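Each chain, letter by letter, is given below.
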Amino acid sequence: MTVTHVGPNRFPGISYFDGVRLKVIENLRLVNAGGISRLQSDLNDDRYLQNLFGLAKELAPDGDTITAVGIEAEIEGQFQSILLDSTRDNLNEMVLPLDEESVADEYRITEERDTVVGVLQYADATKNQVKLFDDDGKWWQIVVPEGLAEDVVKPYFGDRVQVEGRHIIKNRKAKRLFLHDIRAAGENSRPHMQPVVSLLEA
């Protein structure tokens, strides 16, 4: 999980790493409750907010086989915990500030959504774009919000994934999507939650 820079005096009375653990727990608690406005005010960084929600989706229960996910961290000898019971679909319904991020002057993000399944291949970090080769043998260009590129999308490279996004058009509809959600698909399905777990156990 990406953590914005915090100085040594940011967490008075407790160690730096305990302070970071506590902040992660607090932020996940607000994500679970849908506290977007509070998080936007506290974090003052919309890309980090998008990153936080992207990683929370990786941890979130599916609502069917798993109804809640508990996360616990020992901070200054005491246990702090959060029970995530907002499903991935619940989190996908929340509108974040960068959901309206512009792509380029000549392109327009539409409200038309599409879901494609295929293997995630090729990346252009300078344009925050990746390409997906779908199950029908067609290429899709996926524009990735900056806050999701490193921690959320990168771990899926080479995997078969399901991508949901809104169509991006110039003069006509093209196979280009603005990423809203990405998850493992089919037999390659596996959890990508190690970054968060590692941070809490550091």
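Residues numbered from 1 in each chain as written. Predicted model: local features only at pLDDT ≥ 70, side-chain atom pairs only at ≥ 80, totals over all residues. Heavy atoms only, no water.

Caption draft 1: Just the overall build of the protein, in detail. When its secondary structure is counted, the protein shows six helices and seven strands. The N-to-C order of helical and strand elements in the protein reads α-α-α-β-β-α-β-β-β-α-β-β-α. A total of 202 residues make up the protein; the buried ones form 45% of that total. At a minimum sequence separation of 6, the contacts of the protein that also span at least 24 residues come to 63%. (Helix = DSSP H or I, 4+ residues; strand = E, 2+ residues; numbered from the N terminus. Buried < 20%, exposed > 50% of the residue type's maximum accessible area, 1.4 Å probe, protein only. Contact = heavy atoms within 4.5 Å.)

Caption draft 2: Geometry of the pattern of salt bridges. Applying the stated criterion to the full structure yields 11 salt bridges. The closest approach of N and O atoms between Asp89 and Arg183, which form a salt bridge, is 3.6 Å. On the criterion of sequence distance, the pair formed by Asp89 in helix 4 (residues 88-92) and Arg183 in strand 7 (residues 173-184) is long-range, its members being 94 residues apart. By relative accessible area, Asp89 is classed as partly exposed at 44%. Residues joined in a network through salt bridges with shared partners are Glu58, Arg88, Asp89, Asp181 and Arg183. (Salt bridge = Lys/Arg side-chain N within 4 Å of Asp/Glu carboxyl O.)

Caption draft 3: Spotlight on helix 1 (residues 16-33). The terminal C-alpha atoms of helix 1, which comprises 18 residues, lie 26 Å apart, in line with the 26 Å expected from a rise of 1.5 Å per residue. Residues of helix 1 that are buried include every one of Asp18, Gly19, Val20, Arg21, Val24, Ile25, Asn27, Leu28, Leu30, Val31 and Asn32, and no others. (Expected span 1.5 Å × (residues − 1).)

Caption draft 4: A look at the pairing of strand 5 (residues 139-143). Of all five residues in strand 5, four are buried, a share of seventy percent or more. Sheet analysis places strand 4 (residues 129-134) next to strand 5, joined by five bridges and oriented antiparallel. Each residue of the ladder has a partner; that of Gln129, found in strand 5, is Val143. In this antiparallel pair of consecutive strands, strand 4 and strand 5, the connection spans four residues, and Gly137 shows a positive phi of 80 degrees. (Pairing = 2+ DSSP bridges.)

Caption draft 5: Focus on the confidence of the model for the protein. Overall, the predicted model of the protein reaches an average pLDDT of 80, with 79% of residues at or above 70. In this model, residues 1-5 is a region of pLDDT below 50 whose contacts with residues beyond four sequence positions or in other chains number 17 contacts. Contacts from residues 187-202, a stretch scored under 50 in pLDDT, to residues over four places away or in other chains number 26 contacts. (pLDDT = per-residue confidence, 0-100.)

Caption draft 6: Layout of the nonpolar core. The biggest cluster of nonpolar side chains holds 23 residues, and the ones touching the most others in it are Leu28, Val31, Leu39, Phe53, Ile71 and Leu91. The set of elements that each furnish at least two residues to this core consists of helix 1, helix 2 (36-43), helix 3 (46-59), strand 1 (69-75) and strand 2 (78-84). Apart from residues no more than four positions distant in its own chain, Val31 is found in contact with Leu39, Leu52, Phe53, Ala56, Leu91 and Met94. One finds Val116, Leu132, Leu148 and Val152 within the second-largest nonpolar core, a separate group that totals 18 residues. (Core = buried A, V, L, I, M, F, W, Y, C linked by side-chain atoms within 4.5 Å.)

Caption draft 7: View of helix 2. Among the residues of helix 2, Ile36, Leu39 and Leu43 are the ones counted as buried. Looking straight down helix 2, one finds that the buried residues subtend no more than 65 degrees of arc, so they occupy a single side. Within helix 2, the exposed residues directed more than 90 degrees away from the buried face are Ser37, Arg38 and Ser41. Packed against the buried residues of helix 2 are helix 1 and helix 3. At the C-terminal side of helix 2, Asn44 shows a positive phi close to 55 degrees. (Arc of directions from axis to C-beta.)

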